[in-house]
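# Structural overview
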4 protein chains.
Amino acid sequence: MSNLPSFVETAVLQKPFEITMEKRALPVVGPNDVLIKVMAVGVCGSDVHYYEHGKIGRYVVEKPLVLGHECAGEVVAVGDKVKNIKLGDRVAIEPGVTCGTCDMCKAGRYNLCPDVQFMATPPVDGAFAQYVKHREDFVYVIPDELSYEEAALIEPFSVGLHAMKRANVQPGATVAIMGMGPVGLLTVVAAKSYGASKIIVGDVEDVRLEAALKLGATHAIQVKSEDAIQAIGKYTNGAGVDFAFETAGNGSALKTSLNALKRGGTLAVIGLPQESATPLNIPTIVDNEVNILGIFRYANTYETAIRILTSGQFNIGLLVTDQYPLAETKEALEQARTNKSKSLKVMVYPNGQ
Amino acid sequence: MSNLPSFVETAVLQKPFEITMEKRALPVVGPNDVLIKVMAVGVCGSDVHYYEHGKIGRYVVEKPLVLGHECAGEVVAVGDKVKNIKLGDRVAIEPGVTCGTCDMCKAGRYNLCPDVQFMATPPVDGAFAQYVKHREDFVYVIPDELSYEEAALIEPFSVGLHAMKRANVQPGATVAIMGMGPVGLLTVVAAKSYGASKIIVGDVEDVRLEAALKLGATHAIQVKSEDAIQAIGKYTNGAGVDFAFETAGNGSALKTSLNALKRGGTLAVIGLPQESATPLNIPTIVDNEVNILGIFRYANTYETAIRILTSGQFNIGLLVTDQYPLAETKEALEQARTNKSKSLKVMVYPNGQ
Amino acid sequence: MSNLPSFVETAVLQKPFEITMEKRALPVVGPNDVLIKVMAVGVCGSDVHYYEHGKIGRYVVEKPLVLGHECAGEVVAVGDKVKNIKLGDRVAIEPGVTCGTCDMCKAGRYNLCPDVQFMATPPVDGAFAQYVKHREDFVYVIPDELSYEEAALIEPFSVGLHAMKRANVQPGATVAIMGMGPVGLLTVVAAKSYGASKIIVGDVEDVRLEAALKLGATHAIQVKSEDAIQAIGKYTNGAGVDFAFETAGNGSALKTSLNALKRGGTLAVIGLPQESATPLNIPTIVDNEVNILGIFRYANTYETAIRILTSGQFNIGLLVTDQYPLAETKEALEQARTNKSKSLKVMVYPNGQ
Amino acid sequence: MSNLPSFVETAVLQKPFEITMEKRALPVVGPNDVLIKVMAVGVCGSDVHYYEHGKIGRYVVEKPLVLGHECAGEVVAVGDKVKNIKLGDRVAIEPGVTCGTCDMCKAGRYNLCPDVQFMATPPVDGAFAQYVKHREDFVYVIPDELSYEEAALIEPFSVGLHAMKRANVQPGATVAIMGMGPVGLLTVVAAKSYGASKIIVGDVEDVRLEAALKLGATHAIQVKSEDAIQAIGKYTNGAGVDFAFETAGNGSALKTSLNALKRGGTLAVIGLPQESATPLNIPTIVDNEVNILGIFRYANTYETAIRILTSGQFNIGLLVTDQYPLAETKEALEQARTNKSKSLKVMVYPNGQ
């Protein structure tokens, strides 16, 4: 560990639209922690939202905050009690460190732990920094076959996997996925991993629909010009889909997702609409005995994700459309915010590419 | 079978608000059918709705229809191939006869069978008649301990049991149930059967809340004078409930049900609101990872219901507040419709009490 | 239907080891039946067992019986009430026709229907015949991409799919499968369809292990020369597998399957050992909280199987190693029985190849 | 905390059959621990086994060990970070403290945690002592309605609850339970809590069968004089039971449990037989599509158990047949070992009754 710096370059959100570079002390590694040289960090919609608005719902940025929670890197130090991780390991970081002792943790639903320390959610600092420390049990060794970018993408991929598991998708299923942002695209990969035989996707951007088809979607609907319900009807011989996933976060896509379902179907809601209330047709839900499942983050997905991505079946690297060094974190956030060049995922490299 | 009449007194809905008594030919019993002397028929909200409006959603009464589908009676004739039912058996009737060959039937979700023949749903006649025939496999022998009224109540009780099973309620669970009409009251019995340790109910009618407490509810909320969410908070030490059941069919109760839940909780929607769309807060559903389950009728509940009610633990007979002979079916429907005397369940007796 | 013959060539088991060709009357098609020109029939281990011993357990061949139940063909006549199948359709046949009215059928576990009429199980005739009739709802249209041989293989494939579903295999899982006969090989395909990332197989025949690797197995154990438990340990970094499937039908493979499991793992038992009782270590089952699941046939698998096989991912045609015309059904059974040339699946073509 | 003693009376197993009283230092309470004045400790079969043999399977008593893990008491000190427990609380102790960070803990199956510290399992000391410390999250406040004895019995009761949950017992189910030792008796209570309508029990001791009937069993089989399978057939009208629970730990009871099942039924194995291997009929398991579930301890049962027992429905206090002060721990173990007076549960009171 002799070559570690005393200070760490860090990009800090001071207030909305203001990111400054700071030198912060190298994190002190506790007995169960590992220190990670951060190699790739994806920019998430929530990072952009904090950057722009300084808060998300009840989470308010009240003091300077380091953003970034989709990350991977190399292990450069380990605590005394660390057992499964060693120096030099290439690792993916699961950003939410849970208490392990509450009812939710004990029941296997640790994504609902009330005491979770989640990177880049105030007041917990994130990964737009050269080094971060993290508790060993939320750090996962990745094989050589996986790049750091792919490892960083495990975080949004996990949302899709968690949704598939909660929805209990089975091989041969028909699936509709609304919204082809990064989470939607990785939900396509998740659906494919679960053996879905028809994956019908919808979005307003052609570039996203094309990416979806490359990742395994079987039918793409340009919702600006097509009637999504009609199209889904056509692609399923009038039957509707077994499962729908809403990742777009708008009421119209939610309505489409609900109406796309077969009787007895399941709708998983991933996206957060801006509206305070979204009108839903309750008789449709009751008469068709629909299940609607809220999806919050994920639990127990990282090992699965690593195995799936290591198979080499999915070229998720195509999501990385924009690349920035740490010093240009603000530019990365602006790129994601304004999305002038039709970005999919913007990636920041705190220690060079 | 020598004593059977050639003609059967039948109460027929001719058009909204018009019920006439007709003599109809005794039903011809097919090889798999049994003929049942109807002893008790409950009046359901759907009967009242057809009586008043001539339709429910896409189901329209286009020719004279016999209403009534919550029924029980005595077997007076059996078809050639009937194996498990014999003359003289006292039986409960499950009103929906399914195809047994479609995907839904084969998957064990026969309540979603598209070809179901459901009593008192146009164009299938119901049970406001002295005799009805029914396919053997939807007829269940009841023990002497059960009265015909209790056997007729198995139908609405089944809705509650189906909801409990779909929601996967476990012993010790905390439950809120909104709406204490007959389905709500029998959902209390279902929750108790599933071992719920706290059953908090809400309604606007004191008489219904009192009935709920007699059937096993642990806390009653008079929603005209109390804030239901506050009360549920108080009764659960601020935790919220594990499960909520909406049986009232209105948007306000639905909102209460959703907000009453613990993180990770489940809401089962049984009631059908009049509104074409009910506004729901999607971030609440996503952040709390709520499950919302539509409940449509029931499947595989009758044997369970008979076992539970035979235990003698529950005095569901208290639901029967109003009693009419077949000739006064119109009066029975009017009583249920106007509910002047705070009825719970109105019962019709086609062959005398 | 004018071109249909009055008589049908049929291979009939008269007594053990005696198969004769008979001309039988063309089956009379009932209102819900379809008549199928049989194009391919796989020889199953149970066919061989009836051929050799005249019985399997409590099922005894007491009068001449037509064997063969893994079959596919072309629809040449349909009954009056048939709705979803039409003349000329290429179809796979699910051989067990269930009652649709018993508790098991209604609960979605129709494979346990006590009144099932299962082809080639005494006294129900099977498919070694030019034409067979079958109830519409157990006949499935296949797309052009599927050959009749592949469609016939859906039957044994279904066993593997049913086992995966019951075991609740998830993407990324590690799986061991003992026994690489046709059912074992198709269980490899099923495991792959469910997203298993490691599929470790064991058998005594190299030709079968090679086929397994071609179908998606990741590691093959030649159990004559290797210690299976050691090998599984090596291939899973000492962890053991999440799921094990025993298809070989012998006690030694069963013991291996049980000991191959991780703590909390699941063992699905498909094979039927000859021994009257197999010794199992109960403390292993209890301390490791193992689930052991008996697998009997399948339910609700055909549509899924068709979708999976239509994807073109799996070359299951490689299982068909031996081909016979109907007139040589005895030779086909002998080939499967003696297996001199290391057959995988022996196929009979009642109407030519 | 000023009144706490510096030394704690403790009963220590020195070697088989040798228990000595020692004064040990009062445990030092860590930040997340509570210190508990032990009021009641049940003697478990495993305590007796260590006392008699000095080991159970791979767990060997290599240095002096304090036995006792079914316990309850009063909180007399709390660590700095303790949040939910306070001085004076009456509490039940869940004896296994898990790591909270391994795969099994994170998946909600913490009973399979490889790093669990389980009281009275070498080398972790148990509760035959005046005071013990325990991590807060495995300590549960009990209401006044529960006695310390009842709270101590939550531990064996938890095994039954865990078995019910894993087996997915539903209201109205028929259940057979073999073995009416304390775990078997509390499994009766668990089955009743899950709404089982028929609970058929078997044992060789009349006193145990009588206790079972008092706790909710509906039928008792004296297996010395009755054929258990015949009796179960009679009590289920020939149908067999939906669920069987083996708690006796012998091969004969296991065989009975398996053969008592309906087709599609589930057998939960709780008892550990002495035999190294128990012969099971595999064709029975496969043809009947039976599930066999190993049951190892429990997870997430304590809150549920407290709610169930607080309802006052079950008089589990009748299990406590023998009572000893701490100084007579050896006598308590001898009583349980030799069981001369037909004990059910022997209880030790480290701080007087």
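Structure: see above.
Predicted model only: the values in this text are computed from it and were never measured.

## Quick look at the overall build of chain A
The number of helices and strands found in chain A is 10 helices and 20 strands. Computed over its C-alpha atoms, the radius of gyration of chain A comes to 20 Å, within 12% of the 20 Å expected for a compact globule of 353 residues. Taking the principal axes of the C-alpha coordinates as reference, chain A spans close to 65 × 40 × 35 Å. The buried share of chain A, taken over its 353 residues, is 61%. Nonlocal contacts in chain A, meaning residues at least 24 apart in sequence, comprise 69% of its contacts between residues at least 6 apart.

## Examining the sheet that holds strand β15 (residues 241-246) of chain C
The strand order across the open sheet built from 12 strands is β14(C)-β13(C)-β12(C)-β15(C)-β16(C)-β18(C)-β18(D)-β16(D)-β15(D)-β12(D)-β13(D)-β14(D), with neighbouring strands paired in mixed fashion. Lying at the two open borders of the sheet, with one neighbouring strand each, are β14 (219-222) of chain C together with β14 (219-222) of chain D. For this sheet, the mean angle separating the axes of adjacent strands, direction not counted, is 15°. Inspection of the sheet shows strand β12 (residues 174-178) of chain C paired to β15 of chain C by four bridges, in the parallel sense. Residue pairing for β15 of chain C: V175 of chain C is matched across the bridge by F243 of chain C. Its contacts with the sheet put helix α3 (residues 148-167) of chain C on β15, β16 (261-269) and β18 (291-294) of chain C together with β18 (291-294) of chain D, and the angle it makes with β15 of chain C is roughly 145°. Along the sheet, helix α5 (residues 206-215) of chain C contacts β13 (198-203) and β14 of chain C; its crossing angle with β14 of chain C, the most-contacted strand, is approximately 170°.

## Some details on the relation of the copies chain A and chain C
It takes a turn of 180° to lay chain A on chain C, together with a shift of 0.0 Å along the axis; the resulting RMSD is 0.0 Å. This pairing of chains is accounted for by a two-fold axis. Comparing contact sets, 100% of the residues at the interface of chain A also lie at the interface in chain C, consistent with an isologous, same-surface contact.

## Some words on the interface of chain B and chain A
Taken together, the contacts link 35 residues of chain B with 35 residues of chain A. Of the roughly 3,000 Å² buried between chain B and chain A on both sides combined, carbon and sulfur atoms contribute 55%. Where chain B touches chain A, the interface holds four salt bridges. Of the charged contacts in the structure, one is a salt bridge between R166 of chain A and E289 of chain B, with a shortest N-O distance of 3.6 Å. Taken together, chain B and chain A are joined by 19 residue pairs in polar contact (both at pLDDT 80 or more). At the level of elements, α3 (148-167), β16 (261-269), β17 (278-280), α8 (282-287) and β18 (291-294) of chain B are the ones that each hand at least two residues to the side of chain B that touches chain A. The leading source of residues in the side of chain B that touches chain A is α8 of chain B, at five residues. Looking at side-chain class alone, the side of chain B that touches chain A contains 20 nonpolar, 10 polar and five charged residues. The pairing of strand β18 (residues 291-294) of chain A with β18 of chain B spans three bridges and is antiparallel.

## Some words on the state of the cysteines
What the rule picks out here adds up to zero disulfides over all chains. Between C99 of chain A, a free cysteine, and C102 of chain A, which holds the nearest cysteine sulfur, the sulfur-to-sulfur gap is 3.7 Å.

## With respect to the interface of chain A and chain C
Facing 15 residues of chain A, the contacting portion of chain C comprises 15 residues. When chain A packs against chain C, close to 1,100 Å² is buried across both sides, 52% of that on carbon and sulfur atoms. Contact with chain C buries surface across chain A, with Q170, P171 and R307 of chain A losing the most and accounting together for 48% of the total. For the pair chain A and chain C, the interface holds one salt bridge. R307 of chain A is paired through a salt bridge with D242 of chain C; the nearest N and O atoms lie 4.0 Å apart. In this structure, the connection of chain A to chain C is made through four residue pairs in polar contact (both at pLDDT 80 or more).

## With respect to the side chain of E136 of chain D
All names here are of chain D. Considering the arrangement of structural elements, one finds E136 in the loop between β10 (131-135) and β11 (139-141). Among buried Asp, Glu, Lys and Arg side chains, E136 stands out as unpaired, with K83 the closest opposite charge at 6.4 Å. Side-chain polar atoms of E136 contact the backbone nitrogen of K83, separated by 2.8 Å. Beyond its immediate sequence surroundings of up to four residues, E136 is in contact with N32, D33, K81, V82, K83, N84 and I85.

## Re the environment of S276 of chain C
All names here are of chain C. In this structure, S276 sits in the loop between β16 and β17 (278-280). Classification of S276 as exposed rests on a relative accessible area of 59%. Separated by 238 residues in sequence, S276 and V38 have C-alpha atoms that sit 37 Å apart.

## Some remarks on the relation of the copies chain B and chain A
What relates the pair of chain copies is a rotation about an axis plus a shift along that axis. With an axial shift of 0.0 Å and an RMSD of 0.0 Å, the rotation relating chain B to chain A amounts to 180°. The share of interface residues of chain B whose copies in chain A are also at the interface is 100%, consistent with both copies meeting through the same surface.

## Some details on helix α1 (residues 45-53) of chain D
All names here are of chain D. Within α1, burial applies to D47, V48, Y50 and Y51. End-on view of α1: buried residues confined to an arc of 165°, all on one side of the axis. Each element contacted by the buried residues of α1 is listed here: β1 (7-15), β2 (18-25), β3 (33-42), β4 (55-56), β5 (59-60) and α10 (329-338). Immediately beyond the C-terminal end of α1, within one or two residues, lies G54, with a positive phi of roughly 75°.

## Section: the sheet that holds strand β13 (residues 198-203) of chain B
Across the sheet, which stays open at both edges, the 12 strands sit in the order β14(A)-β13(A)-β12(A)-β15(A)-β16(A)-β18(A)-β18(B)-β16(B)-β15(B)-β12(B)-β13(B)-β14(B) with mixed pairing between neighbours. Strands with a single pairing partner mark the edges of an open sheet, and in this sheet they are β14 (219-222) of chain A together with β14 (219-222) of chain B. Direction aside, neighbouring strands of the sheet carry axes that sit 15° apart on average. Each of β12 (174-178), β13 (198-203), β14 and β15 (241-246) of chain A is contacted by helix α6 (residues 228-235) of chain A, which is oriented at about 160° to β14 of chain A, the strand it contacts most.

## Comments concerning the packing of aromatic side chains
As enumerated under the stated definition, the model contains 16 aromatic pairs over all chains in all. Their ring planes at 25° and their centres at 5.0 Å tell us that Y140 of chain B and Y302 of chain B sit as a pair that is stacked. With a gap of 162 residues between them, Y140 of chain B in strand β11 (residues 139-141) and Y302 of chain B in helix α9 (residues 302-310) connect regions that are remote in the sequence. Here the aromatic rings of Y298 of chain C and Y302 of chain C are separated by 6.2 Å at their centres, their planes lie at 50°, and the arrangement is tilted.

## Description of the environment of V286 of chain B
Within the element layout of this structure, V286 of chain B appears in helix α8. For the pair V286 of chain B and A327 of chain B, spaced 41 residues apart in the sequence, the C-alpha separation amounts to 53 Å. Not counting residues up to four positions away in its chain, the partners in contact with V286 of chain B are V269, I270, G271, L272, G294, I295 and F296 of chain A.

## Description of the pattern of salt bridges
Residues and elements named next belong to chain A. For the coordinates displayed, the defined rule picks out 69 salt bridges over all chains. Notably, a salt bridge pairs K23 with E9, separated by 2.3 Å at the nearest N-O pair. Of this pair, K23 sits in strand β2 (residues 18-25) while E9 sits in strand β1 (residues 7-15); the two residues are 14 residues apart in sequence, bridging distant segments of the chain. Since its relative accessible area comes to 23%, E9 is described here as partly exposed.

## Notes on the packing of helix α4 (residues 182-193) of chain B against helix α5 (residues 206-215) of chain B
Residue and element names in this part refer to chain B. As a packed pair, α4 and α5 sit with axes 9 Å apart at the nearest point and diverge in direction by 20°. Between α4 and α5, the angle falls in the class roughly parallel. Here α4 and α5 pass one another in a crossing that is right-handed. Here α4 contributes L185, V188 and V189 to the contact with α5, which in turn contributes R208, A211, A212 and L215. The residue makeup of the contact of α4 with α5, split by class, is six nonpolar, no polar and one charged.

## Topic: the side chain of T247 of chain C
Residue and element names in this part refer to chain C. Within the secondary structure, T247 sits in the loop between β15 and α7 (251-259). Within the structure, the side chain of T247 is placed 2.7 Å from the backbone oxygen of G179, a separation counted as a polar contact. The residues contacting T247, other than those within four sequence positions of it, are I177, M178, G179, V183, G184, T187, I270 and G271.

## Let's talk about the environment of Q170 of chain C
Looking at where Q170 of chain C falls in the secondary structure, it is placed in the loop between α3 and β12. Given a relative accessible area of 18%, Q170 of chain C falls into the buried group. Spatially, the C-alpha atoms of Q170 of chain C and D242 of chain C are 9.6 Å apart, while their sequence positions differ by 72 residues. In this structure Q170 of chain C touches K165 and Y194 of chain A together with Y194, G195 and F243 of chain C, once residues within four positions along its chain are discounted.

Rules of the game
- Residues numbered from 1 in each chain as written.
- Chains lettered and ligands numbered in written order.
- Predicted model: local features only at pLDDT ≥ 70, side-chain atom pairs only at ≥ 80, totals over all residues.
- Heavy atoms only, no water.
- Helix = DSSP H or I, 4+ residues; strand = E, 2+ residues; numbered from the N terminus.
- Rg over C-alpha atoms; globule rule 2.2 N^0.38 Å.
- Buried < 20%, exposed > 50% of the residue type's maximum accessible area, 1.4 Å probe, protein only.
- Contact = heavy atoms within 4.5 Å.
- Pairing = 2+ DSSP bridges.
- Axes fitted to C-alpha atoms, helices over the stretch in contact; angles between N-to-C directions.
- Least-squares fit on C-alpha atoms with pLDDT ≥ 70 in both.
- Buried area = accessible area lost by both parts, 1.4 Å probe.
- Salt bridge = Lys/Arg side-chain N within 4 Å of Asp/Glu carboxyl O.
- Polar contact = N/O pair within 3.5 Å; in protein donor to acceptor, adjacent residues only side chain to side chain.
- Nonpolar A, V, L, I, M, F, W, Y, C, P; charged D, E, K, R; others polar.
- Disulfide = S-S within 2.5 Å.
- Lys, Arg positive; Asp, Glu negative; His and termini not counted.
- Arc of directions from axis to C-beta.
- Phe/Tyr/Trp six-rings, centres within 6.5 Å; stacked < 30°, edge-to-face > 60°.
- Parallel < 35°, antiparallel > 145°, perpendicular 65-115°, else oblique.
- Left-handed = near helix turned anticlockwise from the far one by under 90°.

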